[in-house]
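If you want the building blocks of each chain, they are given just below.
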Amino acid sequence: MEAEKTMNEFGTELIRQIRALDQFGNWSRISDEELLIKKYVKTKEDLKAIPLIADIDEMLTNDIKMIYKAIALAFERKTGVVCNVIMEMSHEGFGRCAVIADRICIVDKYFKDAHRFGFRTYEALFEDGDKHLTNAIATYEQYKPCNKQGQGV
């Protein structure tokens, strides 16, 4: 399948997250690529149909958080360090998501107009996730020595 060829660690974790939450099997007949496109890829026409000022629904908030959970899980698999995802979102679509490993914030993303959140292409979704994962590992490695200073080691 095309999706399996281009899927990176982030993509694999994202699919695992989505499939794990499919308790009624609604998405079992949909391929991974179709599922990710349906949830995260928005064309120019899709964005034009979304009003500039609107409230964000709970499903979209969960879809956004799922991306950062996938980054956290991919980070955990690569480094063995447990992560936590913290997300705060107002009903208007303004908010922040952070991924914390040990006491280090490895990903910090601010949102405005989150109701219009999406990627132009399927590949852009993977590129963004991979970029966040690479930066998260680099950030953790950079600040790991500081993490041990306050632990009485």
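This text follows the structure it describes.
I will try to describe carefully the structure that is included in this document. Per chain, the residues get numbers from 1 upward, laid out in the order the sequence is written. Totals for whole chains, interfaces and linings use every residue, but because this is a predicted model, local features are given only for residues with pLDDT of at least 70 and side-chain atom pairs only at 80 or more, for both listing and counting. Side-chain metrics in this entry use all non-hydrogen atoms of the structure; hydrogen atoms and water are not considered.

With that settled, the discussion passes to the sheet that holds strand E2 (residues 95–101). If you walk across this open sheet you meet the three strands as E1-E2-E3, and the pairing is antiparallel. Only two strands of the sheet have a single partner each, and these edge strands are strand E1 (83–89) and strand E3 (104–111). On average, each strand axis in the sheet is inclined to that of its neighbour by 10°, with strand direction left out of account. Bridge analysis of E2 against E3 gives seven bridges, and the strand direction is antiparallel. Looking at the pairing, Ile 100 lines up with Cys 105 of E3. Whether two residues are in contact is decided by their heavy atoms: any pair within 4.5 Å suffices. Simply put, an axis is a line fit to the C-alpha atoms, just over the touching stretch for a helix, and the angle between two N-to-C directions goes from 0 to 180 degrees. Helix and strand definitions follow DSSP, with helices as H or I runs of at least four residues and strands as E runs of at least two, each counted in order from the N terminus. Packed on one face of the sheet, helix H5 (residues 58–79) meets E1, E2 and E3 and runs near 160° to E1. In this analysis, strands are considered paired if DSSP registers two or more bridges between them.

Right, let's talk about the pattern of salt bridges for a bit. The term salt bridge refers to a side-chain nitrogen of Lys or Arg lying within 4 Å of a carboxyl oxygen of Asp or Glu. Using the criterion set out here, one finds eight salt bridges in the structure. As a salt-bridge pair, Glu 13 and Arg 77 come within 2.2 Å of each other at their nearest N and O atoms. Of this pair, Glu 13 sits in helix H2 (residues 9–20) while Arg 77 is found in helix H5, placing the two residues 64 residues apart along the sequence. Only protein chains enter the accessibility calculation, which uses a 1.4 Å probe; a residue is then buried when its area is under 20% of its type maximum, exposed when over 50%, and partly exposed in between. Using a relative accessible area of 3% as the deciding quantity, one classes Glu 13 as buried. Ionic pairing is found between Lys 131 and Asp 128, a salt bridge with its closest N-O pair at 3.7 Å. Placement of both Lys 131 and Asp 128 in helix H6 (residues 122–149) is noted, with a separation of three residues, approximately one turn of the helix. Residue classification places Lys 131 among the partly exposed residues on the basis of a relative accessible area of 46%.

Moving on, we get to helix H3 (residues 32–40). Listed as buried for H3 are Leu 35, Leu 36, Lys 39 and Tyr 40. Along the axis of H3, the buried residues cluster in a sector spanning 95°; they form a single face. By definition, the arc is the one covered by directions from the helix axis to the C-beta atoms.

So, on to the packing of aromatic side chains. Only rings of Phe, Tyr and Trp enter the pairing, Trp through its six-membered ring, and a pair is recorded when the two centres are within 6.5 Å. The plane angle decides the type: under 30 degrees is stacked, over 60 is edge-to-face, the rest tilted. Per the counting criterion, the structure on display carries five aromatic pairs. Ring centres 6.1 Å apart and planes at 80° place the aromatic pair Tyr 68 and Phe 111 in the edge-to-face group. In this pair, Tyr 68 is assigned in helix H5 and Phe 111 in strand E3, connecting sequence segments 43 residues apart. When the ring of Phe 111 is compared with that of Phe 117, the centres are 5.8 Å apart and the planes differ by 75°; the resulting orientation is edge-to-face. Here the two residues Phe 111 and Phe 117 agree in accessibility, since each one is buried. Here a set of aromatic residues connected by ring pairs shows up, and it is made of Tyr 68, Phe 111, Phe 117 and Phe 119.

Turning next to unusual backbone geometry. Of note in this structure, Asp 102 is not a glycine but carries a positive phi near 55°. Locating Asp 102 in the fold gives a position in the loop between E2 and E3. Classification of Asp 102 as partly exposed rests on a relative accessible area of 42%.

With that out of the way, let us pick up the state of the cysteines. The rule for a disulfide is simple: a pair of cysteine sulfur atoms within 2.5 Å. Taken as a whole and assessed by the stated rule, the structure comprises zero disulfides. Its sulfur unpaired, Cys 83 is 10 Å from the next cysteine sulfur, which belongs to Cys 105. Assessed through its relative accessible area of 14%, Cys 83 is described here as buried. Not engaged in a disulfide, the cysteine Cys 105 finds its nearest cysteine sulfur in Cys 97; these two sulfurs lie 9.2 Å apart.

This brings us to H2. Residue count minus one, scaled by 1.5 Å, sets the expected span of a helix. With twelve residues, H2 should reach 16 Å at 1.5 Å per residue; the first-to-last C-alpha distance of 16 Å fits that figure. Looking only at H2, the buried set comprises Phe 10, Gly 11, Glu 13, Leu 14, Ile 15, Gln 17 and Ile 18.

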